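Reading the structure
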Amino acid sequence: MADSGDRFHVATDVHDHVVVLRPVGEIDIATVTAFRAALWAAPVRPVLRVDLSGVRLLSAAGVRALVAAHLRVRARGGELVLVDPDPVVSRVLRVTGLHRVLPVRESTRPPELLACAA
């Protein structure tokens, strides 16, 4: 079995008003701890943007991590935004109803402008 670090990583970009997390790989029980750690370690900004374009699988553990991060960010007065989910991940967001709780957007502009669009 491959180490979870071999199949999953998260890049972080910090801007004035938005932090962009770019997880790549599968978010499942083996990798959710690393994903959750990246969500919690993100610097405080008005918007936490999670670019899901590199995520091939989002398990129930990943959904729970996103919900917990949403509650944490909202408690600080911020917003968690999901961007560019893969079709499989998009289906998970719809089936779980998470798309009704968190904004899901397609990126067509730089992160700073995307954060301001509502």
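So, here's what we can say about the structure. (Residues numbered from 1 in each chain as written. Predicted model: local features only at pLDDT ≥ 70, side-chain atom pairs only at ≥ 80, totals over all residues. Heavy atoms only, no water.)

Moving on: the pairing of strand β2 (residues 18-27). The element β2 is largely enclosed, with a buried count of seven among its 10 residues. Sheet topology places strand β1 (residues 8-14) next to β2; seven bridges connect them, and they run antiparallel. When the sheet's bridge partners are listed, A11 is paired in β2 with R22. Hairpin geometry of β1 and β2 is characterised by an intervening segment of three residues between the two adjacent antiparallel strands. (Buried < 20%, exposed > 50% of the residue type's maximum accessible area, 1.4 Å probe, protein only. Helix = DSSP H or I, 4+ residues; strand = E, 2+ residues; numbered from the N terminus. Pairing = 2+ DSSP bridges.)

Along an α-helix, a turn takes 3.6 residues, which lines up residues three or four apart on a common side. The end-to-end C-alpha distance of helix α3 (residues 60-75), which contains 16 residues, comes to 23 Å, matching closely the 22 Å that a straight helix rising 1.5 Å per residue would cover. For α3, the full list of buried residues reads A61, G62, V63, A65, L66, A69, H70 and V73. Directly after α3, the chain includes G77, whose backbone phi takes a positive value near 85°. (Expected span 1.5 Å × (residues − 1).)

The next point concerns the packing of aromatic side chains. Counting across every chain of the model gives one aromatic pair. Here F8 and F35 contribute two aromatic rings whose centre-to-centre distance is 6.3 Å and whose plane-to-plane angle is 90°, an arrangement assigned as edge-to-face. Within this pair, whereas F8 is found in strand β1, its partner F35 is found in helix α2 (residues 32-41), the two being separated by 27 residues in sequence. Among the residues examined, F8 registers a relative accessible area of 4% and is labelled buried. Since its relative accessible area comes to 0%, F35 is described here as buried. (Phe/Tyr/Trp six-rings, centres within 6.5 Å; stacked < 30°, edge-to-face > 60°.)

This next bit is on the packing of α2 against α3. Relative orientation of the contacting elements α2 and α3 amounts to 15°, with a least axis distance of 10 Å. By the angle between their directions, the pair α2 and α3 is classed as roughly parallel. The handedness of the crossing between α2 and α3 is right-handed. Contacts between α2 and α3 pair V32, F35, L39 and W40 from the former with A61, G62, A65, L66, A68, A69 and R72 from the latter. By residue class, the composition of the contact of α2 with α3 is nine nonpolar, one polar and one charged. (Axes fitted to C-alpha atoms, helices over the stretch in contact; angles between N-to-C directions. Parallel < 35°, antiparallel > 145°, perpendicular 65-115°, else oblique. Left-handed = near helix turned anticlockwise from the far one by under 90°. Contact = heavy atoms within 4.5 Å. Nonpolar A, V, L, I, M, F, W, Y, C, P; charged D, E, K, R; others polar.)

Bringing the nonpolar core into the picture now. Core analysis: the biggest nonpolar cluster contains 25 residues, and F35, L39, L48, V50 and L82 have the highest contact counts within it. Listed by contribution, the elements that provide at least two residues to this core are β2, α2, β3 (47-51), β4 (54-58), α3, β5 (79-83) and α4 (87-96). With six residues, α3 is the single largest residue contributor to this core. If you look at the next biggest cluster of nonpolar residues, it comprises five residues, including V18, V20, V47 and V83. (Core = buried A, V, L, I, M, F, W, Y, C linked by side-chain atoms within 4.5 Å.)

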